[in-house]
Structures are given as structure tokens and as C-alpha cells.
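In case you want the letters, here they are:
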Amino acid sequence: MSKFVLDEFLPYQLSVLAAQISREFSALYKSRFGITRPEWRVLAHLSQTESPVSVREIFDRVDMDKSKVSRAASRLESSGHILKSVNPTDRRLVELRLTDKGRAMVAELEPLARQFETEVLKRLGREAGRFRANLNALLGKK
């Protein structure tokens, strides 16, 4: 039998933790707004800029398949939260932007996200700051 213990393997632990935290947060926004995890990620990414963002850029950034991003974008377009348009210089690219309705939803989501983050960090107690610093180090941020 191998001496390798999967439950103690850092990449595995990080993956499990990320999935757990994501499920907890998704339960909040799903019950409040009826949106899925991919829809949340698209909205959150679009909220970071005023200019249109391509589907390609979103799936590169949010670690989701292009098809999931596209389906989420289609649902958000149908619900009136985003607008889709074809990039005028590269017609192969579909660009997305928030509508007023989408910006209003994000404005309601932001305080929930911040509160959720605060609650998660409270679980770490005094170690929260050091955890955040170590996490940023692993992510290559200073």
C-alpha cells in the first residue's frame, strides 16, 4: 500500500476547499437570485469593467469551459441581465456587457459576497490575515 495520503495532499485539499466554499456561496445567490455558479462568475467578471468583454476572455479567466460560459451568457441575456454583441473588428468574437438590470443585480450581490467572505475569514480567527497573505503568495501575488 502506498504511503501517499490523498487527504493530506495540498493540491487536493485546496481543490476540496474551493469546491466547498463555492457550494456554500452558490447556495446564497441561487436562493436569492436564482442564478447558477457559471452565471455568477459571468456577472462578477463583467462587473469589473465598463467595456464589453469577450466570451473567450471570460472562460480564460473564470476557469470554466467555453460552452458553460456561453450557456450562462445566453440565460443572462434572456433574463435581461447582459447584452451580447458581435465584436466589430473580429466578427468571430461575441462580446458581453451588463445591462442596467444586470448592474442592479450585481449591486445587490456585492454586499452578500463581502459578508460571505467576512464569515469565511472569521472561521480562521486571528489567522485570517496570514492565510490571505499565504494564499496570495501561492497565487503569485504580492
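This report concerns the structure included in the present document. From a predicted model like this one, the values you see are computed outputs, not experimental measurements.

**Some remarks on the nonpolar core**
Here comes step 1: Among the nonpolar cores identified, the biggest contains 25 residues, and Val42 and Leu43 are the most heavily contacted of them.
Here comes step 2: Every element with two or more residues in this core is listed here: helix H1 (10–33), helix H2 (37–46), helix H3 (55–62), helix H4 (66–78), strand S3 (94–98) and helix H5 (100–122).
Here comes step 3: No other element matches H5, which puts five residues into this core.
Here comes step 4: With sequence-adjacent residues up to four places away left out, Leu43 is seen in contact with Ile35, Leu76, His81, Ile82, Leu98, Met105, Val106 and Leu109.

**Section: the pairing of S3**
Here comes step 1: Inspection of the sheet shows strand S1 (residues 53–54) paired to S3 by two bridges, in the antiparallel sense. Counterpart to Ser54 in the pairing with S3 is Glu95.
Here comes step 2: In terms of strand pairing, strand S2 (residues 82–86) meets S3 through five bridges, oriented antiparallel. Each residue of the ladder has a partner; that of Ile82, found in S3, is Leu98.

**Things to note about the pattern of salt bridges**
Here comes step 1: Taken as a whole, this structure holds seven salt bridges when the rule is applied.
Here comes step 2: Glu108 serves as the salt-bridge partner of Arg32, at 3.4 Å between the closest nitrogen and oxygen. Placement of the pair is Arg32 in helix H1 and Glu108 in helix H5, with a sequence separation of 76 residues.
Here comes step 3: Residue classification places Glu108 among the partly exposed positions, given a relative accessible area of 39%.
Here comes step 4: A salt bridge links Arg75 to Glu39; the shortest N-O distance between them is 2.6 Å. Residue Arg75 is located in helix H4, and its partner Glu39 is located in helix H2; the two are separated by 36 residues in the primary sequence.
Here comes step 5: Taking the relative accessible area as the measure of exposure, Glu39 reaches 6% and is therefore buried.

**As for the side chain of Ser54**
Here comes step 1: Looking at the element boundaries, Ser54 is found in strand S1.
Here comes step 2: In this structure the side chain of Ser54 is engaged in a polar contact, spanning 3.0 Å, whose partner is the backbone nitrogen of Glu57.
Here comes step 3: The contact partners of Ser54, leaving out residues within four places of it in the chain, are Val94 and Glu95.

**Regarding the layout of surface pockets**
Here comes step 1: The space that makes up the largest pocket amounts to roughly 1,900 Å³.
Here comes step 2: In terms of lining residues, the largest pocket is bounded by 36 residues, among which Ile21, Trp40, Glu117, Arg132 and Leu135 are the most central.
Here comes step 3: Breaking the lining of the largest pocket down by element, the ones donating at least two residues are H1, H2, H3, H5 and helix H6 (128–138).

**Re H3**
Structural remark: α-helix, 3.6 residues per turn; residues separated by three or four positions point the same way.
Here comes step 1: Along H3, the residues classified as buried are Val55, Ile58 and Val62. Projected onto a plane normal to the axis of H3, the buried residues spread over an arc of 60° and lie on a single side. Structural note: H3 exposes Asp60 and Arg61 on the side pointing more than 90 degrees away from its buried face.
Here comes step 2: In this structure, the buried side of H3 is in contact with H2, S1, H4 and S3.

**Remarks on the packing of H1 against H5**
Two quantities define a packed helix pair, namely the angle between the axes and the distance from one axis to the other.
Here comes step 1: With their axes 11 Å apart at the nearest point, H1 and H5 run at an angle of 145° to one another. Relative to H5, H1 is oriented so that their crossing is right-handed. Residues Ile21, Glu24, Phe25, Leu28, Tyr29, Arg32 and Phe33 of H1 form the contact with H5, whose own contacting residues are Met105, Glu108, Leu109, Leu112, Ala113, Phe116 and Val120.
Here comes step 2: Across the contact of H1 with H5, the residue classes tally to eleven nonpolar, no polar and three charged.

Reading the values: rules and limits
- Residues numbered from 1 in each chain as written.
- Predicted model: local features only at pLDDT ≥ 70, side-chain atom pairs only at ≥ 80, totals over all residues.
- Heavy atoms only, no water.
- Core = buried A, V, L, I, M, F, W, Y, C linked by side-chain atoms within 4.5 Å.
- Buried < 20%, exposed > 50% of the residue type's maximum accessible area, 1.4 Å probe, protein only.
- Helix = DSSP H or I, 4+ residues; strand = E, 2+ residues; numbered from the N terminus.
- Contact = heavy atoms within 4.5 Å.
- Pairing = 2+ DSSP bridges.
- Salt bridge = Lys/Arg side-chain N within 4 Å of Asp/Glu carboxyl O.
- Polar contact = N/O pair within 3.5 Å; in protein donor to acceptor, adjacent residues only side chain to side chain.
- 1 Å grid on protein atoms, 1.4 Å probe; cavity = no way out; pocket = protein on both sides within 12 Å on 5 of 7 lines; lining within 4 Å.
- Points joined across faces, edges and corners; volume = space filled by probe spheres on them.
- Arc of directions from axis to C-beta.
- Axes fitted to C-alpha atoms, helices over the stretch in contact; angles between N-to-C directions.
- Left-handed = near helix turned anticlockwise from the far one by under 90°.
- Nonpolar A, V, L, I, M, F, W, Y, C, P; charged D, E, K, R; others polar.

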